[in-house]
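Below are the chains, spelled out letter by letter.
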Amino acid sequence: MAPITKTYDYLVIGAGSGGMSSARRATEFGAQVAIVENSRLGGTCVNVGCVPKKVMFYAANLHEHVNDYKGYGFNVTVNGFDWGKLKTNRDAYIARLNTSSSTNLEKSKIELLQGAAKFISDHAVEVNGECYTAKHILIATGGHPKIPDDIPGAHFGITSDGFFELEDLPKRCIVVGAGYIAVELAGILQALGSSVTLCIRGKHVLRTFDTLISEKVTENLEEAGIHVMKDCLVRYSVPKWAILGGQYLWVILGNSGLDNKY
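One structure accompanies this document, and this report is about it.

What follows concerns the environment of K6. Within the secondary structure, K6 is located in strand β1 (residues 4-13). For K6, a relative accessible area of 32% translates into the label partly exposed. With residues near it in sequence (within four places) discarded, K6 still touches Q32, E111, C131, Y132 and T133. Of note is the side chain of K6, whose polar atom sits 2.9 Å from the side chain of E111.

This is the structure we're talking about:
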């Protein structure tokens, strides 16, 4: 084992919502704390989850409400939608949250170790070739979207993470999965102007939810114009740059962690 660089009372691996909260709470009791992160601060929720998803949801919601304005006496004309501008503003907002997280760590006197941690003993980890020890170590690394390994060509698709990297609104897309993430992304894309096909294995989306909710949400998706392909088993995926009918086809492999077989 390499020489010990520094010893802490508490070391947290992962600067997502759980890791950050735990680390800051520990300092309130006088603990000397460090947190390890190999990506942006805030984890999934802030960077590729709840927060940016809500921004996209609000945009989709605003677009849908435009159709209601005339009934309330407003003379409104929509001259277009700029996905790129929305993405730029959304990403800038997320960057401000990243900065705020960094500031909060500094205020709490938590040392940030930027890099990937590897355990080298029960109470020691290695980060960028340096050895750090702690009485207590918390693993708060979260998870990653699952790409099915039994679907040839699945790697050509994108996951929910990739959704937030799209530079342009796809004209046509296929969303695979019946979980809440797939349903949310399908609804957002459709509302903002994509032609969306949702592939599900059963008759309804959100199968683990209450039956009335599952049936009603499926009905609402179809009424919104989404083509819901039921009893659908995905056999293969085309490259994301393939052209279908003269338009680019994006295949999104989205599931909530429950739909891991297709």
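The biggest cluster of nonpolar side chains holds 30 residues, and the ones touching the most others in it are M56, F163, L198 and V205. Within the residue set of this core, elements represented by two or more residues are α3 (50-69), α4 (83-107), β7 (172-176), α6 (180-191) and β8 (195-199). Ranked by residues supplied to this core, first place goes to α6 with seven residues. Filtering out sequence-adjacent residues up to four positions away, F163 remains in contact with M56, W83, I158, L185, I188 and L189. Counting eleven residues, the second-largest nonpolar core is a separate cluster that includes V12, M20, I35 and L105.

In this section: the sheet that holds strand β5 (residues 124-127). Within a sheet, adjacent strands bond to each other through the backbone by hydrogen bonds, running parallel or antiparallel. The six strands lie next to each other as β3-β2-β1-β6-β5-β4, forming an open sheet whose pairing is mixed. For this open sheet the edge positions go to β3 (111-114) and β4 (117-121), each flanked by a neighbour on one side alone. Mean inter-strand twist for the sheet, computed between neighbouring axes without regard to direction, equals 45°. In the sheet, β5 pairs with strand β6 (residues 130-139) via four bridges, with the strands oriented antiparallel.

Once that is clear, we can look at unusual backbone geometry. The phi dihedral of L206 is positive, around 50°, even though this residue is not glycine. By the secondary structure assignment, L206 is in the loop between β8 and α7 (211-223). Even without glycine at this site, D231 takes up a positive phi of about 50°. Mapped onto the elements of the fold, D231 is located in the loop between β9 (227-229) and β10 (243-244).

Throughout the structure, instances matching the rule amount to five aromatic pairs. Aromatic pair W83 and F163: ring centres 6.1 Å apart, planes at 90°, arrangement edge-to-face. Placement of the pair is W83 in helix α4 and F163 in helix α5 (residues 160-163), with a sequence separation of 80 residues. Each member of the pair, W83 as well as F163, carries the same accessibility label: buried.

Cut-offs applied
Residues numbered from 1 in each chain as written. Predicted model: local features only at pLDDT ≥ 70, side-chain atom pairs only at ≥ 80, totals over all residues. Heavy atoms only, no water. Helix = DSSP H or I, 4+ residues; strand = E, 2+ residues; numbered from the N terminus. Buried < 20%, exposed > 50% of the residue type's maximum accessible area, 1.4 Å probe, protein only. Contact = heavy atoms within 4.5 Å. Polar contact = N/O pair within 3.5 Å; in protein donor to acceptor, adjacent residues only side chain to side chain. Core = buried A, V, L, I, M, F, W, Y, C linked by side-chain atoms within 4.5 Å. Pairing = 2+ DSSP bridges. Axes fitted to C-alpha atoms, helices over the stretch in contact; angles between N-to-C directions. Phe/Tyr/Trp six-rings, centres within 6.5 Å; stacked < 30°, edge-to-face > 60°.

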